[in-house]
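Each chain, written out:
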Amino acid sequence: MKKKQIGYDRKIPHDLIDLTADHYCKTKDLDLTRKFLHEFLSEKYPNEAGRKKIITILLRIWIRVPDDDKQLRDYACNLLKNIRTKDRIWLHYGLLILAYPFVCDIVKILSTKLGFYDEVSSPMIYNELKNTWGERSCVQKQTCLVPLTLFEWNLLQRKKYKYSKANLLSSNNRELQLWLLATLIKANNSPVEISKITDLPIAFPFTFSITMDDIARSEFFITHSSGSGRIVVSFKI
């Protein structure tokens, strides 16, 4: 099995991802944002190597994105200016899932298991994750960082090292809802049946009020018939 690159090796506090998004979307400058983060975090994280690792993840989520993800990131910057502060988590979560396949795979497992169990532990996730990411100590160690980050972002509840569902987040902003679904479908890398699009496992912390007509009219999606006659949705941009 070829070893896949994990990349996500730090828990990311919500206030730091918010700060990164704010600074970059105002300046649109990678170097300025990196310098700002180093100065801002120098007291809290005096060890330069550790600080660099945190900043690398922050930049990877919001700034150092692949070319084919930049349209979604730029769209997120435009949304950031107009949405409620509490709705920003929709943007951070979508770009996190898009940036890190490791995180995406963990969230899929976590969501599935929370459909069967009231509580899920990191070892339960790792036992399944190792089938695709390998039985490696780094995979085992870094698996725990993902649910811990989601807990920090109030997307999970935590009690004695076990995680459970938090209250679903909702938004009255249809554009934001459509953006998140588009981002998650792109990260999922496969078409989704239109009637099941709002039930994507990786969308489990959120609830949606958009309709199938909203999805069909959106610039983000293309709809087409599958071989069985069902209508499926793919990412368009």
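Relevant structure appears above.
As a starting point, this report considers the structure included with it. These numbers were taken from a predicted model, which means no experiment stands behind them.

## Digging into the environment of Lys28
With respect to the element layout, Lys28 can be found in the loop between α1 (14–27) and α2 (30–41). We classify Lys28 as partly exposed; its relative accessible area is 43%. Excluding residues that lie within four positions of it along the chain, Lys28 makes contacts with His23 and Cys77.

## Some thoughts on empty space enclosed by the protein
Evaluated as defined, the whole model comprises two cavities of 30 Å³ or more. In this model, the largest cavity occupies a volume close to 40 Å³. Lining the largest cavity are Arg60, Ile61, Val65, Pro66, Asp69, Leu95, Leu98 and Ala99. Sorting the residues of the lining of the largest cavity by element identifies α3 (48–62) and α5 (88–99) as the ones contributing at least two each. Grouping the constituent residues of the lining of the largest cavity by class yields six nonpolar, no polar and two charged.

## Some thoughts on the sheet that holds strand β3 (residues 162–165)
Taken in spatial order, the three strands make up an open sheet running β1-β3-β2, and their pairing is antiparallel. In this open sheet, the two edge strands, each paired with only one partner strand, are β1 (120–121) and β2 (156–159). Pairing of β2 with β3, which is carried by four bridges, proceeds in the antiparallel orientation. Across the sheet, Arg158 pairs through a bridge with Tyr163, a residue of β3.

## Looking at α5
With 12 residues, α5 extends 17 Å between its outermost C-alpha atoms, agreeing within 8% with the 16 Å of an ideal straight helix rising 1.5 Å per residue. In terms of burial, α5 is a largely internal element, 12 of the 12 residues being buried. Arg88, Ile89, Trp90, Leu91, His92, Tyr93, Gly94, Leu95, Leu96, Ile97, Leu98 and Ala99 are the residues of α5 that are buried. Tucked into the core, α5 has its buried residues touching α1, α3, α4 (70–80), α6 (101–114), α9 (145–152) and α10 (174–188).

## A short note on the nonpolar core
If you look at the biggest cluster of nonpolar residues, it comprises 80 residues, and the most contacted ones within it are Tyr8, Trp62, Tyr93, Trp179 and Phe221. When residues of this core are assigned to their parent elements, the largest contribution, nine residues, is made by α5. Ignoring anything within four residues of it in the chain, the contact list for Tyr93 reads Val107, Leu150, Trp153, Leu155, Leu180, Leu184, Ile202, Phe204, Pro205 and Phe206.

## Some thoughts on the packing of α3 against α5
Two numbers describe how α3 lies on α5: the axes approach to 8 Å, and their chain directions differ by 100°. When the axis of α3 is compared with that of α5, the two are roughly perpendicular. On α5, the residues touching Arg60, Ile61 and Trp62 of α3 are Leu91, His92, Leu95, Leu96 and Ala99. A class-by-class count of the residues in the contact of α3 with α5 yields six nonpolar, one polar and one charged.

## Some remarks on the sheet that holds strand β5 (residues 221–225)
In space, the three strands of this open sheet follow the order β4-β6-β5, with antiparallel pairing throughout. In the strand order of this sheet, the two ends are held by β4 (192–193) and β5, each with one partner. Seen against the sheet, α10 touches β4, β5 and β6 (231–235) and runs at an angle of roughly 90° to β6.

## With respect to the pattern of salt bridges
Enumeration over the complete set of coordinates arrives at 15 salt bridges. Within this structure, Asp18, Asp22 and Arg88 form a network of salt bridges that share partners.

## Some points on the layout of surface pockets
Of the volumes computed, that of the largest pocket is approximately 220 Å³. The dominant element in the lining of the largest pocket, judged by the number of residues it contributes, is α3, at four residues. The class makeup of the residues in the lining of the largest pocket is five nonpolar, three polar and three charged. Considering only enclosed or pocket space, the second largest pocket measures out at about 170 Å³ in volume. Lining the second largest pocket are Ser111, Thr112, Gly115, Lys165, Leu168, Thr198, Asp199, Leu200, Pro201, Ala203, Phe204 and Phe206. Among the residues forming the lining of the second largest pocket, the class breakdown is six nonpolar, four polar and two charged.

Cut-offs applied
Residues numbered from 1 in each chain as written. Predicted model: local features only at pLDDT ≥ 70, side-chain atom pairs only at ≥ 80, totals over all residues. Heavy atoms only, no water. Helix = DSSP H or I, 4+ residues; strand = E, 2+ residues; numbered from the N terminus. Buried < 20%, exposed > 50% of the residue type's maximum accessible area, 1.4 Å probe, protein only. Contact = heavy atoms within 4.5 Å. 1 Å grid on protein atoms, 1.4 Å probe; cavity = no way out; pocket = protein on both sides within 12 Å on 5 of 7 lines; lining within 4 Å. Points joined across faces, edges and corners; volume = space filled by probe spheres on them. Nonpolar A, V, L, I, M, F, W, Y, C, P; charged D, E, K, R; others polar. Pairing = 2+ DSSP bridges. Expected span 1.5 Å × (residues − 1). Core = buried A, V, L, I, M, F, W, Y, C linked by side-chain atoms within 4.5 Å. Axes fitted to C-alpha atoms, helices over the stretch in contact; angles between N-to-C directions. Parallel < 35°, antiparallel > 145°, perpendicular 65-115°, else oblique. Salt bridge = Lys/Arg side-chain N within 4 Å of Asp/Glu carboxyl O.

Shape is all these values report; function is a separate question.
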